[in-house]
Amino acid sequence: MTTAGKFLEMGTAILLFVAVVGVILFVAGRLGGRRGDRWVAFLYLTPAVLMLAVGLIYPAARTIYQSFFDAAGDTFIGLDNYQTIFTSDEQLTVLRNTVLWVVVTPFAATGIGLLYAILVDRARLEAFAKALIFLPMAISFVGASIIWKFVYEYRPDQVGVKQIGLLNQVLVWIGGTPQQWLVDPPWNTLFLILVMIWIQAGFAMTVLSAAIKAIPDDVVEAARLDGVTPVGMFRYVTLPSIRPAVVVVLTTIGIGTLKVFDIVRTMTGGQFDTSVVANEFYSQSFRSGNEGLGAALAVLLFVLVIPIVVYNIRQLRAAEAR
Amino acid sequence: MTATDTSLSTTTPVTKGSGISARARKRLTSPWASLAAVVIAVLWTLPTFGLAVSSLRPEREIKTTGWWTFFRDPTITLDNYRAVLSAEGSEGLGSFFVNSFVITIPSVIIPICLALLAAYAFAWIRFPGRSVLFVAVFALQIVPIQVTLIPLLTLYVKADIVGSFWTIWLSHSIFALPLAIFLLHNFMRDIPPGLLEAARIDGAGHRQIFFRVLLPLLTPAVAAFAIFQFLWVWNDLLVALTFAGGGSEVAPITVALANLSGTRGTAWHLLSAGAFVSIIVPVVVFLLLQRYFVRGLLAGGLKG
């Protein structure tokens, strides 16, 4: 298809949906009276509810059902897929890696974000300093992975061969030998996690910075007059005031990390024992053709997300109620 | 690298006569604190900077010397960008770049149109089962998209739209709806009911209220969601990989880059320029509309 053809198809699609909305508004406009309100609501809700039912609810139910079937998807095998996830060596590595990701990333990203937010708070060039940390948020995970893959790039340690990756060059400068950072488990997973921390720290910094600025001035001033040290200020004034925001940031990053796929897929493709649940789901479903196991992994992801989301929403409510 | 400019000496006027306050502030802005901030800022920008410099170097040099040697012996070329942007040849990512736009724009507009209607109904029309339905839509935010992909693909095969943009537009729209409805509903509820009541007394129907009263007030909310959704769709890999395949007909630039990175890990001249082409669009959108973004960000963190 030509570029013009693609944009034409795009225009058609947009017009089609705008037309659907137009028709609904027109028909709804014809209905009058108190009883008509129900019909208006019905018409307004139909497209969204229909799409959610067909595109979200049905597929989710279907996947749960499919997770009890074998690789080809036609023989019922009960909980065997789930048993595989929790017993086979390969899948246990995947689970171990996922736990590592979910434990390390939120705390590291939040810690760095919080530290930076405090350091640059009310500093000169604050907006600029924040933008530097925040920009990785706008970059795709794929882009970030390429950026870091270049940092980790390895060239064999031979005479006449120069390192082109920054990390190995730094190692050479201080007298070490270059390493294949992405090849040796379990450390390679940590180098992948670093990319996620790099992306998410900006998110933590922005939200926490806003929370810090929302602390009433008189509280800070009163503590200062009492002669509280900076560390004490952080411990007894800042941290308690922003606690709900910290929890929301931790859980939000945790949810995002649980579903991380792009980084693993772009940097190692899940090789060298770096796979995580979301990547394994893709590999099993679309590469290895094991639909049952893929479905079970997706369901596992679903189940793992629920408690964090529920906790997150409750904290978000608590933060808003203040 | 102007990152080193992030000096931390405060400009905040200290309340007069409070020596303690001044001292506390001084300690916070100690040289160590400044140093820590500068170190973080450098660590966070240097990797991107290195790839940016590399994208402007000749292919042979990228592959044999580190980008930091560029400053000793600068040779600038735009060949990498030329190769990456051309729509012809096996190396060109030009058509993938076009696809990214074609995918993203409807995937932002469609869910906003449908969500505005639904949010209005939830916020301002009374009907039986309203709260149950709303909670159900809200709860759908937690469904990870992985759970839906394979059955959706089967549905698309049956509908015979596989390999077209429609699969990606529809998927992104569906995945965006719960959050969009929830966000817009919350903003609509914040509008004083008196405003709507006044319009109703003046004889305005739902349509007039929607367009004349609500829509102008909702611009910030729509913008917040639009930016969030734009970045999400533009940067997405999973949905595109599942439904678009790898060909240049439909696949966006993220898919092209991911494949390039996997199969030809050493094509750094293409990867660096390609990555920057893909990065520049969301960064510009983000910088232009930053103030709307933060709000959408916090609300949208659960998505995916």
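Residues numbered from 1 in each chain as written. Chains lettered and ligands numbered in written order. Predicted model: local features only at pLDDT ≥ 70, side-chain atom pairs only at ≥ 80, totals over all residues. Heavy atoms only, no water.

**Q** Help me out: how do you make sense of the nonpolar core in this one?
**A** For soluble globular proteins, the rule of thumb is that nonpolar side chains tend to be buried together. Within the largest apolar cluster, 208 residues are counted, with the highest numbers of intra-cluster contacts made by Tyr44(A), Trp101(A), Tyr116(A), Tyr120(B), Ile181(B), Met188(B) and Leu214(B). If one sorts the elements of this core by residue count, helix H5 (residues 94-124) of chain B sits on top with 20 residues. In this structure Trp101(A) touches Pro106(A), Thr189(A), Leu192(A), Ile193(A), Met196(A), Thr257(A), Val260(A), Ile263(A), Val264(A) and Val276(A), once residues within four positions along its chain are discounted. (Core = buried A, V, L, I, M, F, W, Y, C linked by side-chain atoms within 4.5 Å. Buried < 20%, exposed > 50% of the residue type's maximum accessible area, 1.4 Å probe, protein only. Helix = DSSP H or I, 4+ residues; strand = E, 2+ residues; numbered from the N terminus. Contact = heavy atoms within 4.5 Å.)

**Q** I would appreciate a short explanation of the confidence of the model for chain B in the present structure.
**A** Low pLDDT means the predicted atomic positions in that stretch should not be read closely. Residues and elements named next belong to chain B. On average, chain B scores 79 in pLDDT, and the residues at 70 or more come to 84%. The weakest mean pLDDT in chain B belongs to helix H1 (residues 19-28) at 46; the strongest belongs to helix H7 (residues 146-158) at 91. Long-range and interchain partners of residues 1-27, a stretch whose pLDDT sits below 50, account for 47 contacts in this model, where long-range means more than four residues apart. Confidence drops under a pLDDT of 50 for residues 300-304, and excluding neighbours within four residues, the segment shows 21 contacts in the predicted structure. Across the interface, the model reports ipTM at 0.86; the global pTM reads 0.85. (pLDDT = per-residue confidence, 0-100.)

**Q** Please explain the packing of aromatic side chains as it appears in this structure.
**A** The description of an aromatic ring pair rests on the distance of the ring centres and on the angle between the ring planes. Residue and element names in this part refer to chain A. The tally for this structure, following the rule as stated, stands at 29 aromatic pairs over all chains. Ring geometry for Phe281 and Phe286: centres 6.4 Å apart, planes at 90 degrees, overall edge-to-face. Exposure remark for Phe281: the relative accessible area of 1% places this residue in the buried category. Among the aromatic side chains, those forming a connected cluster through ring pairs are Trp148, Tyr152, Trp181, Phe191 and Trp198. (Phe/Tyr/Trp six-rings, centres within 6.5 Å; stacked < 30°, edge-to-face > 60°.)

**Q** I tried to follow the interface of chain A and chain B on my own but got confused; where do I start?
**A** Interfaces are often described in size by the accessible area the parts lose on coming together. Taken together, the contacts link 109 residues of chain A with 120 residues of chain B. For the pair chain A and chain B, the two sides together bury roughly 10,300 Å², of which 78% comes from carbon and sulfur. Of all residues in chain A, Lys6(A), Tyr44(A) and Phe150(A) give up the largest surface area on contact with chain B, accounting jointly for 7% of the area buried on that side. On inspection of chain A and its partner chain B, the count reaches 0 salt bridges. Counting the contacts that link chain A with chain B gives 9 residue pairs in polar contact (both at pLDDT 80 or more). (Buried area = accessible area lost by both parts, 1.4 Å probe. Salt bridge = Lys/Arg side-chain N within 4 Å of Asp/Glu carboxyl O. Polar contact = N/O pair within 3.5 Å; in protein donor to acceptor, adjacent residues only side chain to side chain.)

**Q** Before we go on, may I ask you to explain a nonpolar patch on the surface in this structure?
**A** Residues and elements named next belong to chain B. The grouping of Trp32, Leu35, Val39 and Leu43 at the surface amounts to a nonpolar patch, some 460 Å² of accessible area in total. Residue placement: Val39 occurs in helix H2 (residues 31-55). Residue classification places Val39 among the partly exposed positions, given a relative accessible area of 41%. (Patch = residues over 30% accessible without salt bridge, like charges linked within 9 Å, V, L, I, M, F, W, Y side chains within 5 Å. Areas by Shrake-Rupley, 256 points an atom, 1.4 Å probe, with all protein chains shown as cover.)

**Q** Help me out: how do you make sense of the packing of helix H3 (residues 80-87) of chain A against helix H4 (residues 89-120) of chain A in this one?
**A** How two helices sit against one another is set out by the angle between their axes and by the gap between those axes. Residue and element names in this part refer to chain A. It is the contact of H3 with H4, at a shortest axis distance of 5 Å, that shows an interaxial angle of 70 degrees. By the angle between their axes, H3 is roughly perpendicular relative to H4. Packed against H3, whose contacting residues are Thr84, Ile85, Phe86 and Thr87, the element H4 presents Asp89, Gln91, Leu92 and Leu95 at the interface. When grouped by side-chain class, the residues that make up the contact of H3 with H4 number 4 nonpolar, 3 polar and 1 charged. (Axes fitted to C-alpha atoms, helices over the stretch in contact; angles between N-to-C directions. Parallel < 35°, antiparallel > 145°, perpendicular 65-115°, else oblique. Nonpolar A, V, L, I, M, F, W, Y, C, P; charged D, E, K, R; others polar.)

**Q** Just checking my understanding: could you explain the domain arrangement of chain B for this structure?
**A** Residues and elements named next belong to chain B. Domain boundaries assigned for chain B yield domain 1 (2-85) and domain 2 (94-300). Contacts between the two partners involve 13 residues from domain 1 and, on the opposite side, 13 residues from domain 2. With both chains or domains summed, domain 1 and domain 2 bury close to 1,100 Å², and 81% of this area falls on carbon and sulfur atoms. Sorting the residues of domain 1 by area buried against domain 2 places Leu51, Val84 and Leu85 first, and these three jointly supply 43% of that buried surface. At the boundary of domain 1 and domain 2, one finds 0 salt bridges. Our count for the contact surface shared by domain 1 and domain 2 stands at 1 residue pair in polar contact (both at pLDDT 80 or more). At the level of secondary structure, the elements contributing two or more residues to the side of domain 1 that touches domain 2 comprise H2, helix H3 (59-64) and helix H4 (79-85). (Domains from an automatic or database assignment.)

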